[in-house]
Amino acid sequence: RLGRGGRRVGGVLTLQDGRYLLRVARPGTYRLQPERIGFRADPSAEVTVRPGQLVRVDLTASADAIELAGIAVDGDRRCDLGEEGRATMELWEQASRALAVARWTEASERFAYELRSWERSLGPRGRQVISEREQRTSHVGRHAYRAIDPAELESEGYARGDLASGFQYFAPDAETLLSDGFLRTHCFRSVREGERLGLEFEPIDGRRVPEVEGTLWMAPASTRLERLEYRYVNIPDLAEAGLEGRSGGEVVFEELEGGEWIVRWWEIRMPVLVRRMNLDRPPRPVLQVAEILTQGGEVEDVRLAASGVRRLGNDRAADRGSILGEVVDSTT
């Protein structure tokens with residue numbers, strides 16, 4: 001729902017058959033804009049809603065698909081999404097639609113999630129698994145992947161702590177990425193990797209708090225949001241240990257059968273740092289990685305909480321394969 005000046009003041013997801021009911025808290029004149037991810041959208045004519053009135057407005061969503069092949073990537077950095085820059089603006093518009101629907105999906109509290117989550121301790125190189133703990137849980141109404149308050153992330157940053165007490169790392173979610181604070185403090189530019197287009201972001205010059213940089217990737221040959229990859233920057237201890245821009249995480253998005261969007265899979269990688277004496281002469285203390293902790297999760301099933309109707313597009317359990325065998329000593 002668009003108010004004065006074309007500013008978005010509300011929205012709602014349609015049912016699978018296209019029906020919708022949009023509550024208007026304040027009577028007035030609005031335009032309605034149907035948004036279909038991957039397609040262009042135009043607003044409706046003005047609609048006036050009076051107190052207590054129910055107004056019927058039928059909309060036709062555009063069938064004009066956005067062709068990625070026609071988007072030229074120039075790599076220019078855009079710190080203001082209002083500036084000209086067609087590729088950057090086009091990608092942000094499509095990504096923000098999926099992020100907005102993901103935020104609405106969580107806020108609706110209509111779904112029950114079956115979640116597999118894990119915590120792993122890896123060796124300093126991130127290859128050897130030292131320990132692992134996995135569990136399965138059920139969540140009704142709220143998704144398990146949520147960031148802290150965007151305003152707090154803007155002011156305090158995405159990591160807290162020190163070597164003595166340890167660091168605590170935070171990740172962005174849909175609400176964070178859509179927040180005014182994130183747009184104020186990050187620059188964007190369009191990038192291309194093979195058939196994929198991405199929207200790259202980095203903190204603006206002068207940011208001193210622990211920050212994130214990364215890329216929102218679109219699925220090949222479409223403008224559908226696929227995943228978020230991010231890395232931690234502006235953390236002096238990570239830079240000293242040679243991990244600046246190498247520690248971070250990944251978030252995978254997926255559309256449900258009813259058109260809702262969720263975070264389907266995520267993982268965050270967090271290095272544990274220690275100061276040790278090296279073997280130089282004379283010996284001197286250096287910052288090293290003791291281990292790498294990872295935390296992640298995967299939504300294995302989503303159902304409507306009221307009816308139990310499945311909303312994932314496929315049955316992951318049925319698609320899973322198995323590997324059977326045995327490992328023996330090389331001398332056996």
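For the structure, see preceding data.
Residues numbered from 1 in each chain as written. Predicted model: local features only at pLDDT ≥ 70, side-chain atom pairs only at ≥ 80, totals over all residues. Heavy atoms only, no water.

A. The arrangement of the overall build of the protein in detail. In terms of regular secondary structure, the protein is built from six helices and 13 strands. As displayed, the protein has an accessible area near 19,000 Å², and 47% of this comes from carbon and sulfur atoms. (Helix = DSSP H or I, 4+ residues; strand = E, 2+ residues; numbered from the N terminus. Areas by Shrake-Rupley, 256 points an atom, 1.4 Å probe, with all protein chains shown as cover.)

B. Just the pairing of strand β4 (residues 129-140), in detail. With eleven bridges connecting them, strand β3 (residues 111-122) and β4 associate as antiparallel partners. In the strand pairing of β4, glutamate 119 is matched with arginine 133. The turn linking β3 back onto β4 is made up of six residues, and glycine 126 within it adopts a positive phi angle of 80°. (Pairing = 2+ DSSP bridges.)

C. Broad picture of helix α1 (residues 86-108). With 23 residues, α1 should reach 33 Å at 1.5 Å per residue; the first-to-last C-alpha distance of 33 Å fits that figure. With its phi angle positive at about 55°, glutamate 109 sits one or two positions after the end of α1. (Expected span 1.5 Å × (residues − 1).)

D. Representation of the nonpolar core within the structure. Among the nonpolar cores identified, the biggest contains 53 residues, and Leu225, Tyr230 and Tyr232 are the most heavily contacted of them. Broken down by element, the residue count for this core peaks at eight residues, all from α1. Excluding residues that lie within four positions of it along the chain, leucine 225 makes contacts with Ala95, Ala98, Leu99, Leu216, Trp217, Met218, Phe253 and Trp261. (Core = buried A, V, L, I, M, F, W, Y, C linked by side-chain atoms within 4.5 Å. Buried < 20%, exposed > 50% of the residue type's maximum accessible area, 1.4 Å probe, protein only. Contact = heavy atoms within 4.5 Å.)

E. Highlighting the packing of aromatic side chains. Tallied over the full model, the rule gives eight aromatic pairs. For the ring pair tryptophan 92 and phenylalanine 188, a centre distance of 5.5 Å and an interplane angle of 55° mean the geometry is tilted. With a gap of 96 residues between them, tryptophan 92 in helix α1 and phenylalanine 188 in strand β7 (residues 186-193) connect regions that are remote in the sequence. Residue class for tryptophan 92 comes out buried when judged on its relative accessible area of 10%. An angle of 65° between the planes, with centres 6.3 Å apart, marks the rings of phenylalanine 182 and phenylalanine 188 as edge-to-face. When its relative accessible area of 3% is taken as the criterion, phenylalanine 182 is described as buried. (Phe/Tyr/Trp six-rings, centres within 6.5 Å; stacked < 30°, edge-to-face > 60°.)

F. Expanded view of the pattern of salt bridges. Going through the model one piece at a time under the given rule, you end up with 24 salt bridges. We note a salt bridge from arginine 136 to glutamate 134, for which the minimum N-O separation is 3.3 Å. What makes arginine 136 exposed here is its relative accessible area of 52%. One salt bridge in this structure joins glutamate 193 and arginine 196, with 2.6 Å as the shortest N-O distance. Residue glutamate 193 is classed as partly exposed on the basis of its relative accessible area, which comes to 44%. The class of arginine 196 is buried, set by a relative accessible area of 15%. Linked through salt bridges whose partners overlap, the residues forming this network are Arg116, Glu134, Arg136, Glu298 and Glu300. (Salt bridge = Lys/Arg side-chain N within 4 Å of Asp/Glu carboxyl O.)

G. Just the side chain of arginine 116, in detail. With respect to the helices and strands, the residue arginine 116 is situated in strand β3. According to the relative accessible area criterion, arginine 116 is buried, its value standing at 15%. A distance of 3.3 Å separates a polar atom in the side chain of arginine 116 from a polar atom in the side chain of glutamate 134. In this structure arginine 116 touches Glu134, Gln135, Arg136, Gly296, Gly297, Glu298 and Glu300, once residues within four positions along its chain are discounted. (Polar contact = N/O pair within 3.5 Å; in protein donor to acceptor, adjacent residues only side chain to side chain.)

H. Representation of the environment of glutamate 213 within the structure. Among the secondary structure elements, glutamate 213 is positioned in strand β9 (residues 211-218). Each C-alpha atom, one on glutamate 213 and one on arginine 231, is 5.4 Å from the other, the two residues being 18 residues apart in sequence. Residues contacting glutamate 213, with those up to four places away along its chain left out, are Phe201, Glu202, Pro203, Glu229, Tyr230, Arg231 and Val233.

I. The environment of threonine 215, seen in detail. For threonine 215, the location among the structural elements is in strand β9. Along the chain, threonine 215 and glutamate 202 lie 13 residues apart, while their C-alpha atoms are 8.8 Å from each other. Residues within four places of threonine 215 in sequence aside, it is in contact with Val191, Gly198, Leu199, Glu200, Phe201, Arg227, Leu228 and Glu229.

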